[in-house]
Amino acid sequence: MLDPLLLLALLGVGMLAGFVDAIAGGGGMITVPALLSAGLPPVAALATNKMQSVVGTGMAVWTYWRRGFVNLPSLIPAIALTFAGSFLGALTVSQLDTSLLDIAVPVALIAIALYFLFAPKLSDADKAARLPFGPLVPVMGFAIGFYDGVFGPGTGSFFTIGFVLLFGLGLTRATGSTKALNFTSNLAALAIFIPQGHVVWPVAIVMALGQLIGGYVGAHTGIRYGARVIRPLVVVVSIALAIKLLAFP
């Protein structure tokens, strides 16, 4: 039996993580330590985190889509390849040496933070794309999805920078599209975790309720304030993730 006060605290954690994740990604930086502190074994904590976070991400996608910031038909090929990449990454993670990622990922996250901090023209207006959207967004989806299946931290930041820098999306549209692909990569991991019985369902359900609230409020905040709130939060989340990975690998 789980302590009701502990479940109430995890509900609040889910709300906060859903809010942050809907705007800038990185909600797992909040929820995974909380789940480990609650006494869940590492694999169960990761699986339960994926289950509760997919609810918040789904709410964020639905909110961005309803407000016209996600073009789902144009993302269907990318959604399919993101799922395939994440599923393949999760299947092969035990056979890969991920030690290089311990340094490479924090460096990449700091570079993303610096770009969002100092790039002078980041806004909600779309820009000219450097690469063709149709054929190459699925390639990005597969590559980052595979990374998410293997390692994971910073996935949202990598998607967002790709949509902004390579495909010219405004920051709010980039965030909405990121949520759609992040949702997909989480589902692929759950396709492995759920049959293996790693999800702690009472915790996942309680935190999912918090994620619903946080994801809804966060998505509306991102839509209302756009680049003014997304840009600084991406910087803060990327730097915080980099510090966490370097200090507590």
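Residues numbered from 1 in each chain as written. Predicted model: local features only at pLDDT ≥ 70, side-chain atom pairs only at ≥ 80, totals over all residues. Heavy atoms only, no water.

K.L.:
Residues and numbers for the nonpolar core, please.
P.N.:
Nonpolar side chains tend to gather and get buried jointly when the protein is soluble and globular. Core analysis: the biggest nonpolar cluster contains 43 residues, and Leu-109, Phe-116, Phe-158 and Phe-163 have the highest contact counts within it. The leading source of residues in this core is helix H10 (residues 227-247), at nine residues. When sequence neighbours within four positions are dropped, the list of residues in contact with Leu-109 reads Gly-154, Ser-157, Phe-158, Ser-238, Leu-241, Ala-242 and Leu-245. Val-13, Ala-34, Val-203 and Met-207 belong to the second largest nonpolar core, which has 10 residues in total. (Core = buried A, V, L, I, M, F, W, Y, C linked by side-chain atoms within 4.5 Å. Buried < 20%, exposed > 50% of the residue type's maximum accessible area, 1.4 Å probe, protein only. Helix = DSSP H or I, 4+ residues; strand = E, 2+ residues; numbered from the N terminus. Contact = heavy atoms within 4.5 Å.)

K.L.:
Could you give an account of a nonpolar patch on the surface, naming the residues involved and the relevant values?
P.N.:
Nonpolar side chains collect at one region of the surface, where Met-15, Trp-62, Trp-65, Ile-194, Trp-201, Ile-205, Leu-209, Leu-212, Ile-213, Tyr-216 and Val-217 lie side by side and expose about 1000 Å² of accessible area between them. The set of elements that each furnish at least two residues to the nonpolar patch consists of helix H3 (42-66) and helix H9 (201-225). In terms of residues, the nonpolar patch owes the most to one element, H9, which gives seven residues. Residue position: Trp-62 is located in helix H3. By relative accessible area, Trp-62 is classed as partly exposed at 41%. (Patch = residues over 30% accessible without salt bridge, like charges linked within 9 Å, V, L, I, M, F, W, Y side chains within 5 Å. Areas by Shrake-Rupley, 256 points an atom, 1.4 Å probe, with all protein chains shown as cover. Salt bridge = Lys/Arg side-chain N within 4 Å of Asp/Glu carboxyl O.)

K.L.:
Help me get a handle on the pattern of salt bridges, residues and values and all.
P.N.:
If you walk through the whole model with that rule in mind, you get three salt bridges. Two residues, Asp-148 and Lys-50, come together in a salt bridge whose shortest N-O distance is 3.6 Å. You can see Asp-148 sitting in helix H6 (residues 133-150) and its partner Lys-50 sitting in helix H3, a full 98 residues away along the chain. Of the two residues, Asp-148 and Lys-50, both sit in the buried class. The shortest N-O distance in the salt bridge between Arg-173 and Asp-126 comes to 2.4 Å. Here Arg-173 is found in helix H8 (residues 171-193), whereas its partner Asp-126 is found in the loop between helix H5 (101-118) and H6, with 47 residues between them in sequence. Residue classification places Asp-126 among the partly exposed residues on the basis of a relative accessible area of 40%.

K.L.:
Would you mind going over the UniProt feature "transmembrane region" (unreviewed entry) in the chain in detail, with residue names and values included?
P.N.:
The UniProt entry lists residues 32-48, 69-93, 99-119, 131-150, 156-175, 187-209 and 229-248 under the feature "transmembrane region" (unreviewed entry), expressed in the numbering used here. Across residues 69-93, the secondary structure splits into 84% helix and 0% strand, with the terminal C-alpha atoms separated by 33 Å. Regarding residues 156-175, the helix share stands at 80% and the strand share at 0%, and the terminal C-alpha atoms are separated by 8 Å. (UniProt positions renumbered as here; feature names shortened; annotations may be inferred.)

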